[in-house]
Amino acid sequence: MKELTTQNELIIDGYAHIIGDKKCGECWSGYPRECECGGLIHASFGDENYDCDYWLYTKCDKCGESEPG
């Protein structure tokens with residue numbers, strides 16, 4: 001399910017990504033990417049514990065699906 005703060009934002013790991021923005025400034029390197037549904041897959045990079053246990057959180061701004069990992 002999509003987490004939205006406004007009609008134009010998609011929240012991923014606490015960061016607001018702009019829906020439909022192909023040059024989203026919050027996205028991690030190489031994102032957003034096109035999703036099969038026609039939306040954009042946005043990504044946030046995570047290392048919350050600063051222990052080098054890295055994560056890449058992804059979510060489509062149209063269908064809400066995560067990119068297969």
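This text goes with the structure placed above it.
Residues numbered from 1 in each chain as written. Predicted model: local features only at pLDDT ≥ 70, side-chain atom pairs only at ≥ 80, totals over all residues. Heavy atoms only, no water.

A. Region of interest: the packing of aromatic side chains. What the rule picks out here adds up to 1 aromatic pair. Ring geometry for W28 and F45: centres 4.3 Å apart, planes at 15°, overall stacked. On the criterion of sequence distance, the pair formed by W28 in the loop between β2 (15–18) and β3 (33–34) and F45 in strand β4 (residues 40–46) is long-range, its members being 17 residues apart. Over the aromatic face of Y31 sits the side chain of R33, whose NZ or CZ is 4.1 Å from the ring centroid. (Phe/Tyr/Trp six-rings, centres within 6.5 Å; stacked < 30°, edge-to-face > 60°. Helix = DSSP H or I, 4+ residues; strand = E, 2+ residues; numbered from the N terminus. Lys NZ or Arg CZ within 6 Å of the ring centre and 35° of its normal.)

B. A look at the side chain of S44. Position of S44 relative to the elements: it lies in strand β4. When its relative accessible area of 3% is taken as the criterion, S44 is described as buried. In terms of polar contacts, S44 uses its side chain to reach the backbone carbonyl oxygen of I12, at 3.3 Å. Setting aside anything within four residues of it in sequence, one finds S44 in contact with I12, D13, Y15, H17, W55, L56 and Y57. (Buried < 20%, exposed > 50% of the residue type's maximum accessible area, 1.4 Å probe, protein only. Polar contact = N/O pair within 3.5 Å; in protein donor to acceptor, adjacent residues only side chain to side chain. Contact = heavy atoms within 4.5 Å.)

C. Region of the structure containing the environment of I19. Positionally, I19 belongs in the loop between β2 and β3. Taking the relative accessible area as the measure of exposure, I19 reaches 28% and is therefore partly exposed. With 23 residues separating them in the primary sequence, I19 and H42 have C-alpha atoms 8.7 Å apart.

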